[in-house]
Amino acid sequence: LLQGPDTWGVGEMPRAFGYELVHQSRNVGSRARAGVLHTPHGSVETPAFVAVGTHGVVKAMTSLLARDAGQQLLFCNTYHMLLHPGPDAVAHFGGLHKYIGWHGPILTDSGGFQVFSLHHGSVHNELKGRRPERKESSSILRVDEQGVLFRSYRDGSRILLTPETSVQAQKKLGADIIIPFDELLGFHVDRERLLQSFARTHRWQRRSLEEHLKDKRGQAMYGVVHGGTDPDLRRQSVAELVSMGGFEGLAVGGSLGANLADLRGVLESVADALPAPLPRHLLGIGDEAGIRAGVAHGMDTFDSSYPTKAARHGTLLTRRGPLAVEKGIYVRADGPVDEGCTCFTCRTHSLGYLHHLFKAGEITGLVLASIHNIAHMTALFANLRQDILDDRI
């Protein structure tokens, strides 16, 4: 699945994009589906987990390690690549694929998520329904119809990010799947503010799509479904995005509520509205309960930095639940992190050794833990796909 031309450059994407439905679950009440997402840089069996490479790298891993851990599709952040090294520098190397040494498909976001982070503080807390922990950042200078003017956290320079400049940056990065510029609000906003943002974010997405269609370069753009936890707004968002024409996939984004019940409500409100021929992505969900809810409602791909972030903080994902590797009870644990796991870490090292590496502050511990957590996610999704094929979900 990860085959791709070594000679590929920006504007040279020979293969078509599309979604192929392999099996729709016959389980009563289930919308789960298994398919294949075809892209210019290879195909992705879905449902699938997408590791996040914020700065063009999955933290504590190389592209080869991510591939060997089973990753089919990588997610890179336009905002961070915009600030350094810059889209022109990446284009100089022939685009992200060549720059990071990854020959599989890549998805880039628009920068909107990071804009929200700058403006409101803790993105994770707000999108999960918790109140922000700090006041609005002074990095944001202006948010208006044109876009967002902000100061770079790297050198203090002023940067204007608009629907047009976001898409232009993503063209230079050369990802297979790109995202229109949108505004993300947290869960705790009043109705008037939600409606204002809802209208503006769809105007921004229309402008992004128009910019994209001027020069597609073989890339596919996913529209982003907004509306908070309001079922009617969510369905209206789907209808507006579909009516624009040109989107080749849809992503469910924005605030997904305060808890799992809210997330399920959002998914339920859009599940039957999403056009079946289009691939569906659930933005920012990496916990198993949320993933299972998304799969049951017909989502195809999921991105999250949680598995690698958890790994770097000593939390290893297992079929028995999360494991805190630094606990003293593991000092003499001579088995693998997770019995039955076939990842490099579990094949070659004991849990006791990883415990030692973390207690000693060795960087290798972060690498081995990240490899395992990504492999765990790969195995989880492989099992979910098989369960769909067997009509168990």
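Everything below is about the structure printed above this text.
Described in the following lines is the structure provided in the data block. (Residues numbered from 1 in each chain as written. Predicted model: local features only at pLDDT ≥ 70, side-chain atom pairs only at ≥ 80, totals over all residues. Heavy atoms only, no water.)

**Here we look at the overall build of the protein**
Rules: Helical segments are the DSSP runs of H or I of at least four residues, strand segments are the runs of E of at least two, and each set is numbered from the N terminus. The quantity called the radius of gyration is restricted to C-alpha atoms. Its globule counterpart is 2.2 Å times the number of residues to the power 0.38. Classification of residues uses two cut-offs on accessible area relative to the type maximum, computed with a 1.4 Å probe and protein chains only: under 20% is buried, over 50% is exposed, and between them is partly exposed. The criterion used for residue contact is that any of the two residues' heavy atoms lie within 4.5 Å. The Shrake-Rupley method, run with a 1.4 Å probe, gives the accessible areas here. Residue values count only the displayed protein chains as cover. In this tally, Asp and Glu contribute negative charge and Lys and Arg positive charge; neither His nor the terminal groups of the chain are included. In this description, the location of a charge corresponds to atom NZ of lysine, CZ of arginine, CG of aspartate or CD of glutamate.
The helix and strand inventory of the protein stands at 15 helices and 16 strands. A compact globule built from 393 residues would reach a C-alpha radius of gyration of about 21 Å, and the protein, at 20 Å, matches this within 12%. Split into buried and exposed, the 393 residues of the protein put 55% on the buried side. Taking all contacts inside the protein whose residues are at least 6 apart in sequence as the whole, residues at least 24 apart take part in 67%. If you sum the accessible surface of the protein, you get close to 16,300 Å²; carbon and sulfur atoms cover 51% of it. Charged side chains in the protein number 42 positive and 41 negative. The centres of these two groups are separated by 3 Å.

**Some remarks on the sheet that holds strand 7 (residues 140-143)**
Our working rule: DSSP-based pairing: two strands are paired if at least 2 bridges between them are found. Whenever a helix is involved, its axis is fitted only over the stretch in contact; in every case the axis is a line through C-alpha atoms, and angles between N-to-C directions fall within 0 to 180 degrees.
One open sheet holds the three strands; their spatial order is 7-8-9, and the pairing between them is antiparallel. Of all strands in the sheet, those with a lone pairing partner are strand 7 and strand 9 (158-161), marking the two edges. Shown here is a sheet whose adjacent strand axes are inclined to one another by a mean of 15 degrees, direction ignored. Where strand 8 (residues 148-151) lies against strand 9, four bridges are found, and the strand directions are antiparallel. Paired with Phe150 across the bridge in strand 9 is Ile159.

**Things to note about the sheet that holds strand 6 (residues 106-108)**
Pairing in this closed barrel of eight strands is parallel, and the strands run 4-5-6-10-11-12-13-14 around the ring. As paired elements, strand 12 (residues 249-252) and strand 13 (residues 280-282) share three bridges and run parallel to each other. Residue pairing in the sheet places Val252 in a bridge with Leu282 of strand 13.

**Quick look at the pattern of salt bridges**
Using the following cut-off: When a carboxyl oxygen of Asp or Glu lies within 4 Å of a side-chain nitrogen of Lys or Arg, that pair is called a salt bridge.
Going through the model one piece at a time under the given rule, you end up with 22 salt bridges. Note that Asp338 is salt-bridged to Arg319, the shortest N-O span being 3.4 Å. Placement of Asp338 in the loop between strand 16 (323-324) and helix 13 (344-348) and of Arg319 in the loop between strand 15 (315-316) and strand 16 is noted, with a sequence separation of 19 residues between them. Overlapping salt bridges bring together Arg31, Glu268 and Asp272 as one network.

**Topic: the environment of Gly111**
Here Gly111 is to be found in the loop between strand 6 and helix 5 (112-120). As for Gly111 and Leu233, which are separated by 122 residues in sequence, their C-alpha atoms are 23 Å apart.

**Quick word on the packing of helix 14 (residues 351-360) against helix 15 (residues 363-389)**
Our working rule: Angle categories: roughly parallel below 35 degrees, roughly antiparallel above 145, roughly perpendicular from 65 to 115, and oblique for all the rest. In a left-handed crossing the near helix is turned counterclockwise from the far helix by less than a right angle, and in a right-handed crossing that turn is clockwise. Ten residue types, Ala, Val, Leu, Ile, Met, Phe, Trp, Tyr, Cys and Pro, are classed as nonpolar, four, Asp, Glu, Lys and Arg, as charged, and the remainder, Gly among them, as polar.
Between helix 14 and helix 15, whose axes approach to 7 Å, the crossing angle comes to 135 degrees. Judged by the inter-axis angle, helix 14 sits oblique to helix 15. For the pair helix 14 and helix 15, the crossing hand works out as left-handed. Here Tyr353, Leu354, Leu357 and Phe358 of helix 14 come into contact with helix 15, specifically with Thr364, Gly365, Leu366, Leu368 and Ala369. Of the residues contributing to the contact of helix 14 with helix 15, the split by class is seven nonpolar, two polar and no charged.

**Here we look at the pairing of strand 7**
Taken together, the three bridges between strand 7 and strand 8 define a ladder with antiparallel strand orientation. Looking across to strand 8, one finds that Arg142 is bridged to Leu149. The loop that links strand 7 with its antiparallel partner strand 8 comprises four residues.

**Here's the deal with the packing of helix 11 (residues 288-296) against helix 15**
Contact pair helix 11 / helix 15: the axes reach a minimum separation of 12 Å and the direction vectors enclose 30 degrees. The angle between helix 11 and helix 15 falls in the class roughly parallel. Where helix 11 crosses over helix 15, the two elements pack in a sense that is right-handed. Together, Glu288, Ile291, Arg292 and Val295 of helix 11 and Met377, Leu380, Phe381, Leu384 and Ile388 of helix 15 make up the contact between the two elements. In the contact of helix 11 with helix 15, the residues fall into seven nonpolar, no polar and two charged.

**Here's the deal with the environment of Thr315**
Along the polypeptide, Thr315 turns up in strand 15. Here Thr315 falls in the partly exposed class, since its relative accessible area comes to 23%. In sequence terms Thr315 and Glu326 are 11 residues apart; their C-alpha atoms lie 8.6 Å from each other. Setting aside chain neighbours within four positions, we find Thr315 in contact with Tyr306, Ala310, Pro322, Leu323 and Asn373.

**Here we look at the packing of aromatic side chains**
Put simply, the test is: What counts as a ring pair is set by centres within 6.5 Å for rings of Phe, Tyr and Trp (its six-membered ring), and what kind of pair is set by the plane angle: stacked under 30 degrees, edge-to-face over 60, tilted for all other angles.
Evaluation of the coordinates by the stated rule reveals seven aromatic pairs. With a centroid separation of 6.2 Å and 70 degrees between ring planes, the pair formed by Phe17 and Tyr222 is classed as edge-to-face. Of this pair, Phe17 sits in the segment before strand 1 (18-24) while Tyr222 is found in strand 11 (residues 220-225), placing the two residues 205 residues apart along the sequence. Here Phe17 and Tyr222 have matching classes, each one buried. Measuring from ring centre to ring centre gives 6.2 Å for Phe49 and Phe381, while their planes differ by 35 degrees; the resulting arrangement is tilted. Placement of the pair is Phe49 in strand 4 (residues 48-53) and Phe381 in helix 15, with a sequence separation of 332 residues. Its relative accessible area of 3% is what places Phe381 among the buried residues. Taken together, the aromatic side chains of Phe49, Phe302 and Phe381 make up a single cluster linked through ring pairs.

Any link to function would need more than the numbers given here.
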